[in-house]
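# Overview (structure and organization)
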Amino acid sequence: MRLQTSLLAALLAIGAFAAPQRASAQEVRPNWMVPVQERGQDRQSVRPVREILDSLRARFGGEYVSHRLEDGARPVYVVRWRMPDGVTTRDFRVDAVSGQFR
């Protein structure tokens, strides 16, 4: 009985100090959490949001408020933008691949 208890204690001690193996972040994320840029090699590349914001600033003036990326057959950035008057807020829909305003 004593032998079994000390053997069990030794196994538990070894297990407590063994480093657990971790899966990579890519394996853990479900498909809906993978950024659109990483989802498929056959998809066209999405422009960085910084490019879109720079073109909005150059074209309309004003300042950035927020954005979201709507995924679909053709991904679209929806950018909320405060116009130069400081009061008006406008939503722009921008093609995320070509960068053209819709």
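We now turn to the structure provided with this report. (Residues numbered from 1 in each chain as written. Predicted model: local features only at pLDDT ≥ 70, side-chain atom pairs only at ≥ 80, totals over all residues. Heavy atoms only, no water.)

## Observations concerning the side chain of Asp95
- Within the fold, Asp95 resides in strand S3 (residues 89-95).
- The buried category is assigned to Asp95, whose relative accessible area is 7%.
- A distance of 2.9 Å separates a polar side-chain atom of Asp95 from the backbone nitrogen of Ser98.
- Not counting chain neighbours up to four residues away, the residues in contact with Asp95 comprise Ile52, Arg74, Pro75, Gln100 and Arg102. (Helix = DSSP H or I, 4+ residues; strand = E, 2+ residues; numbered from the N terminus. Buried < 20%, exposed > 50% of the residue type's maximum accessible area, 1.4 Å probe, protein only. Polar contact = N/O pair within 3.5 Å; in protein donor to acceptor, adjacent residues only side chain to side chain. Contact = heavy atoms within 4.5 Å.)

## Some points on the nonpolar core
- Residues Val46, Ile52, Leu53, Leu56, Tyr77, Val79, Trp81, Met83, Phe92, Val94 and Ala96 constitute the largest nonpolar core, which totals 11 residues.
- Beyond its immediate stretch of four places on either side in the chain, Val79 contacts Ile52, Leu53, Leu56, Tyr64, Ser66, His67, Arg90, Asp91 and Phe92. (Core = buried A, V, L, I, M, F, W, Y, C linked by side-chain atoms within 4.5 Å.)

## Here we look at helix H3 (residues 49-60)
- Taking 1.5 Å per residue as the helical rise, H3 with its 12 residues ought to reach 16 Å, and the 16 Å between its terminal C-alpha atoms agrees with that figure.
- Against the buried residues of H3 lie strand S1 (63-70), strand S2 (76-82) and S3. (Expected span 1.5 Å × (residues − 1).)

## Comments concerning the pattern of salt bridges
- For the structure on display, the rule yields 8 salt bridges.
- We note a salt bridge from Asp91 to Arg80, for which the minimum N-O separation is 2.8 Å. In this pair, Asp91 sits in strand S3 while Arg80 sits in strand S2, placing the two residues 11 residues apart along the sequence.
- Under the relative-accessibility criterion, Arg80 is labelled partly exposed at 37%.
- Residue Arg102 is joined to Asp95 by a salt bridge in which the shortest nitrogen-to-oxygen separation is 3.3 Å.
- By sharing partners, the salt bridges in this structure join Arg68, Glu70 and Arg93 into a single network. (Salt bridge = Lys/Arg side-chain N within 4 Å of Asp/Glu carboxyl O.)

## As for the environment of Ala96
- Summarising the element assignment, Ala96 is placed in the segment after S3.
- Considered as a pair, Ala96 and Val46 are 50 residues apart in the sequence and their alpha carbons are 5.3 Å apart.
- Not counting chain neighbours up to four residues away, the residues in contact with Ala96 comprise Ser45, Val46, Arg47, Leu69, Pro75, Val76 and Tyr77.

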